[in-house]
Amino acid sequence: MASTEKEDEELTIPRAAMNKLIKELLPDIRVANDSRELILQCCSEFIHCITTEANTICESQQKKTMSAEHVLNALDKLGFSQYKSEAQSVVNDCKRKRRRQSTRLEH
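Let me sum up the structure you'll find in this document. All figures in this text were calculated on a predicted structure; none of them were measured in a lab.

How each quantity is defined
- Residues numbered from 1 in each chain as written.
- Predicted model: local features only at pLDDT ≥ 70, side-chain atom pairs only at ≥ 80, totals over all residues.
- Heavy atoms only, no water.
- Salt bridge = Lys/Arg side-chain N within 4 Å of Asp/Glu carboxyl O.
- Helix = DSSP H or I, 4+ residues; strand = E, 2+ residues; numbered from the N terminus.
- Buried < 20%, exposed > 50% of the residue type's maximum accessible area, 1.4 Å probe, protein only.

**Quick look at the pattern of salt bridges**
- Inspection of the entire model under this criterion finds 4 salt bridges.
- Here glutamate 37 makes a salt bridge to arginine 15, at a shortest N to O gap of 2.8 Å. In this pair, glutamate 37 sits in helix α3 (residues 33-60) while arginine 15 sits in helix α2 (residues 15-25), placing the two residues 22 residues apart along the sequence.
- Of the residues examined, arginine 15 reaches a relative accessible area of 46% and is grouped as partly exposed.
- Glutamate 53 is paired through a salt bridge with lysine 77; the nearest N and O atoms lie 3.4 Å apart. A residue pair is termed long-range when its members are at least 10 positions apart, and glutamate 53 in helix α3 and lysine 77 in helix α4 (residues 68-77) qualify at 24 residues.
- Residue classification places glutamate 53 among the buried residues on the basis of a relative accessible area of 14%.
- Under the relative-accessibility criterion, lysine 77 is labelled exposed at 59%.

Shown next, in the form of structure tokens:
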């Protein structure tokens, strides 16, 4: 196995975070360990696909830093447009929080 393949396999969402998310989304349902592992692998693969596409878009625009716009465009390009408005909402929330933090520092 090549070292990059091994590194890719090690890049996953922490199990504790995934378990907490599953518990929040499905509080009244028991989820088997193999199902949890499959969900974890699917989420990691989804993130990998989106990130790879966003990086391709970023490079095609000759940018050195991947932005939220690159990720949003990747969602469109890969056929996940239905998630774009929710993702944009998260971006807006992060920008608002950042603005609030900076004004606190100024005062």
